[in-house]
Amino acid sequence: KKAIEDELYRHVVTIKEIKLAQIEKEQLQDDIQMLGFVDNPLPFLKRADLFVLSSRWEGLPTVLVEAMYCKAPIIATDCPSGPKEILKNGEYGELVPVGDRSALAEKIYDCLLNPRSAAPPDSWMPYTSTTAARRYLELMAGFALCNQR
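Calculation rules
Residues numbered from 1 in each chain as written. Predicted model: local features only at pLDDT ≥ 70, side-chain atom pairs only at ≥ 80, totals over all residues. Heavy atoms only, no water. Buried < 20%, exposed > 50% of the residue type's maximum accessible area, 1.4 Å probe, protein only. Helix = DSSP H or I, 4+ residues; strand = E, 2+ residues; numbered from the N terminus. Right-handed = clockwise from strand over helix to strand, strands pointing away. Pairing = 2+ DSSP bridges. Salt bridge = Lys/Arg side-chain N within 4 Å of Asp/Glu carboxyl O. Phe/Tyr/Trp six-rings, centres within 6.5 Å; stacked < 30°, edge-to-face > 60°. Axes fitted to C-alpha atoms, helices over the stretch in contact; angles between N-to-C directions. Contact = heavy atoms within 4.5 Å.

A. Geometry of the pairing of strand S2 (residues 74-77). Of the two faces of S2, the one lined by Ile-74 and Ala-76 and the one lined by Ile-75 and Thr-77 are each fully buried. In this fold, strand S1 (residues 51-53) hands off to helix H3 (residues 62-69), which returns the chain to S2; that crossover is right-handed. Alignment of S2 against strand S3 (residues 94-96), held across three bridges, turns out to be parallel. Along S3, the bridge assignment pairs Thr-77 with Val-96.

B. Representation of the pattern of salt bridges. Counting across every chain of the model gives six salt bridges. In this structure, the salt-bridge partner of Glu-138 is Arg-134, at a minimum N-O distance of 3.1 Å. A residue pair is termed a helical-turn pair when its members lie 3 or 4 positions apart in one helix, as Glu-138 and Arg-134 do in helix H6 (residues 129-148) at four residues. Judged by its relative accessible area of 46%, Glu-138 is partly exposed. Through salt bridges that share partners, Glu-94, Lys-107, Asp-110 and Arg-116 make up one connected network.

C. Molecular detail of the packing of aromatic side chains. This structure, assessed with the given rule, holds one aromatic pair. Aromatic side chains Tyr-69 and Trp-124 sit 4.8 Å apart centroid to centroid with 80 degrees between the ring planes, which places their arrangement in the edge-to-face category. Linking Tyr-69 in helix H3 with Trp-124 in the loop between helix H5 (101-113) and H6, this pair joins segments that are 55 residues apart in sequence. Given the relative accessible area of 18%, Trp-124 is considered buried.

D. Structural view of the sheet that holds S2. Pairing in this open sheet of three strands is parallel, and the strands run S1-S2-S3 from one edge to the other. Strand pairing shows two members of the sheet lacking a second neighbour, S1 and S3, which therefore form its edges. Taking each pair of neighbouring strands and ignoring which way they run, the sheet shows an average axis angle of 15 degrees. Sheet strands in contact with H3 are S1 and S2, and its direction is about 165 degrees off that of S1. Sheet strands touched by H5: S1, S2 and S3. Its angle to S3, the strand with the most contacts, is close to 160 degrees.

Written out as C-alpha coordinates, the structure reads:
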(Lines give C-alpha, C1' and ligand atoms only; values in the text may rest on other atoms or scores of the structure.)
Protein backbone atom coordinates (compact mmCIF):
# COMPACT_ATOMS: atom_id res chain seq x y z
CA LYS A 1 0.00 0.00 0.00
CA LYS A 2 2.81 2.42 0.87
CA ALA A 3 4.47 1.82 -2.51
CA ILE A 4 1.20 2.60 -4.31
CA GLU A 5 0.72 5.79 -2.26
CA ASP A 6 4.31 6.86 -3.01
CA GLU A 7 3.80 6.21 -6.74
CA LEU A 8 0.53 8.19 -6.76
CA TYR A 9 2.22 11.06 -4.92
CA ARG A 10 5.10 11.10 -7.44
CA HIS A 11 2.55 11.12 -10.27
CA VAL A 12 0.61 14.04 -8.77
CA VAL A 13 3.80 15.98 -8.07
CA THR A 14 5.00 15.37 -11.63
CA ILE A 15 1.68 16.63 -13.05
CA LYS A 16 1.87 19.72 -10.83
CA GLU A 17 5.47 20.39 -11.92
CA ILE A 18 4.47 20.08 -15.58
CA LYS A 19 1.56 22.47 -15.07
CA LEU A 20 3.77 24.98 -13.23
CA ALA A 21 6.33 24.81 -16.04
CA GLN A 22 3.59 25.40 -18.60
CA ILE A 23 2.24 28.36 -16.60
CA GLU A 24 5.73 29.88 -16.52
CA LYS A 25 6.26 29.17 -20.24
CA GLU A 26 3.03 31.02 -21.09
CA GLN A 27 3.92 33.80 -18.60
CA LEU A 28 0.68 33.36 -16.68
CA GLN A 29 2.15 33.39 -13.14
CA ASP A 30 0.21 36.56 -12.29
CA ASP A 31 -3.07 35.05 -13.52
CA ILE A 32 -2.96 31.48 -12.20
CA GLN A 33 -2.43 30.15 -8.70
CA MET A 34 -2.03 26.47 -7.89
CA LEU A 35 -3.53 26.37 -4.41
CA GLY A 36 -3.61 22.64 -3.86
CA PHE A 37 -6.05 21.27 -1.30
CA VAL A 38 -8.26 23.73 0.56
CA ASP A 39 -10.60 22.75 3.41
CA ASN A 40 -13.49 24.85 2.17
CA PRO A 41 -13.64 25.66 -1.57
CA LEU A 42 -17.06 27.37 -1.36
CA PRO A 43 -15.68 30.93 -0.97
CA PHE A 44 -13.77 30.41 -4.23
CA LEU A 45 -16.84 29.06 -5.99
CA LYS A 46 -18.93 32.01 -4.79
CA ARG A 47 -16.48 34.43 -6.43
CA ALA A 48 -16.01 32.40 -9.62
CA ASP A 49 -16.94 33.93 -12.96
CA LEU A 50 -17.15 30.40 -14.32
CA PHE A 51 -16.74 26.84 -13.04
CA VAL A 52 -15.36 24.22 -15.45
CA LEU A 53 -15.47 20.45 -14.84
CA SER A 54 -13.41 18.72 -17.52
CA SER A 55 -13.70 15.13 -16.29
CA ARG A 56 -13.53 12.05 -18.48
CA TRP A 57 -15.77 10.19 -16.01
CA GLU A 58 -17.46 10.85 -12.69
CA GLY A 59 -19.45 9.04 -10.04
CA LEU A 60 -21.50 11.74 -8.38
CA PRO A 61 -19.81 15.06 -9.17
CA THR A 62 -20.83 16.83 -5.96
CA VAL A 63 -18.70 19.78 -6.99
CA LEU A 64 -21.33 20.60 -9.65
CA VAL A 65 -24.00 20.81 -6.95
CA GLU A 66 -21.68 23.02 -4.89
CA ALA A 67 -21.04 25.28 -7.89
CA MET A 68 -24.80 25.57 -8.54
CA TYR A 69 -25.37 26.39 -4.85
CA CYS A 70 -22.68 29.10 -5.06
CA LYS A 71 -24.34 30.55 -8.19
CA ALA A 72 -21.33 29.92 -10.42
CA PRO A 73 -22.08 29.48 -14.12
CA ILE A 74 -21.00 25.97 -15.15
CA ILE A 75 -19.40 24.22 -18.09
CA ALA A 76 -18.91 20.44 -17.80
CA THR A 77 -17.88 17.63 -20.07
CA ASP A 78 -20.72 15.28 -20.88
CA CYS A 79 -18.94 12.34 -19.29
CA PRO A 80 -20.64 9.19 -18.00
CA SER A 81 -22.36 9.26 -14.63
CA GLY A 82 -23.36 12.67 -13.48
CA PRO A 83 -22.93 15.97 -15.26
CA LYS A 84 -25.78 15.55 -17.75
CA GLU A 85 -28.14 14.38 -14.99
CA ILE A 86 -27.16 17.05 -12.46
CA LEU A 87 -27.18 19.83 -15.06
CA LYS A 88 -30.55 18.60 -16.35
CA ASN A 89 -29.35 17.96 -19.92
CA GLY A 90 -27.68 21.37 -20.10
CA GLU A 91 -30.50 23.43 -18.58
CA TYR A 92 -28.39 24.35 -15.52
CA GLY A 93 -25.02 24.54 -17.24
CA GLU A 94 -23.24 24.05 -20.53
CA LEU A 95 -22.20 20.55 -21.65
CA VAL A 96 -19.39 19.77 -24.10
CA PRO A 97 -18.15 16.42 -25.47
CA VAL A 98 -15.48 14.60 -23.46
CA GLY A 99 -12.01 15.08 -24.91
CA ASP A 100 -12.99 17.87 -27.30
CA ARG A 101 -10.50 20.51 -26.19
CA SER A 102 -11.52 22.94 -28.91
CA ALA A 103 -15.20 22.79 -27.96
CA LEU A 104 -14.30 23.25 -24.29
CA ALA A 105 -12.03 26.22 -25.03
CA GLU A 106 -14.64 27.82 -27.29
CA LYS A 107 -17.37 27.36 -24.66
CA ILE A 108 -15.16 28.85 -21.93
CA TYR A 109 -14.35 31.83 -24.14
CA ASP A 110 -18.01 32.31 -25.08
CA CYS A 111 -19.21 32.05 -21.47
CA LEU A 112 -16.64 34.58 -20.28
CA LEU A 113 -17.63 37.03 -23.03
CA ASN A 114 -21.37 36.35 -22.64
CA PRO A 115 -21.95 35.46 -18.98
CA ARG A 116 -24.66 32.90 -18.27
CA SER A 117 -27.21 33.09 -15.49
CA ALA A 118 -26.65 30.97 -12.42
CA ALA A 119 -28.78 27.88 -11.98
CA PRO A 120 -31.92 28.44 -9.90
CA PRO A 121 -32.18 27.09 -6.33
CA ASP A 122 -34.36 24.19 -7.44
CA SER A 123 -31.29 22.90 -9.34
CA TRP A 124 -29.41 22.01 -6.16
CA MET A 125 -32.31 21.45 -3.75
CA PRO A 126 -32.65 17.71 -4.63
CA TYR A 127 -29.11 17.21 -3.27
CA THR A 128 -29.52 18.77 0.20
CA SER A 129 -29.26 16.58 3.28
CA THR A 130 -32.86 17.45 4.16
CA THR A 131 -34.15 16.25 0.79
CA ALA A 132 -32.00 13.12 0.93
CA ALA A 133 -33.23 12.28 4.44
CA ARG A 134 -36.87 12.87 3.46
CA ARG A 135 -36.56 10.66 0.39
CA TYR A 136 -34.83 7.95 2.42
CA LEU A 137 -37.63 8.01 4.99
CA GLU A 138 -40.25 7.83 2.21
CA LEU A 139 -38.44 4.82 0.77
CA MET A 140 -38.30 3.11 4.17
CA ALA A 141 -42.00 3.86 4.76
CA GLY A 142 -42.76 2.23 1.40
CA PHE A 143 -40.82 -0.88 2.42
CA ALA A 144 -42.67 -0.97 5.74
CA LEU A 145 -46.02 -0.85 3.93
CA CYS A 146 -44.98 -3.66 1.61
CA ASN A 147 -43.94 -5.84 4.55
CA GLN A 148 -47.31 -5.30 6.32
CA ARG A 149 -49.24 -6.85 3.44
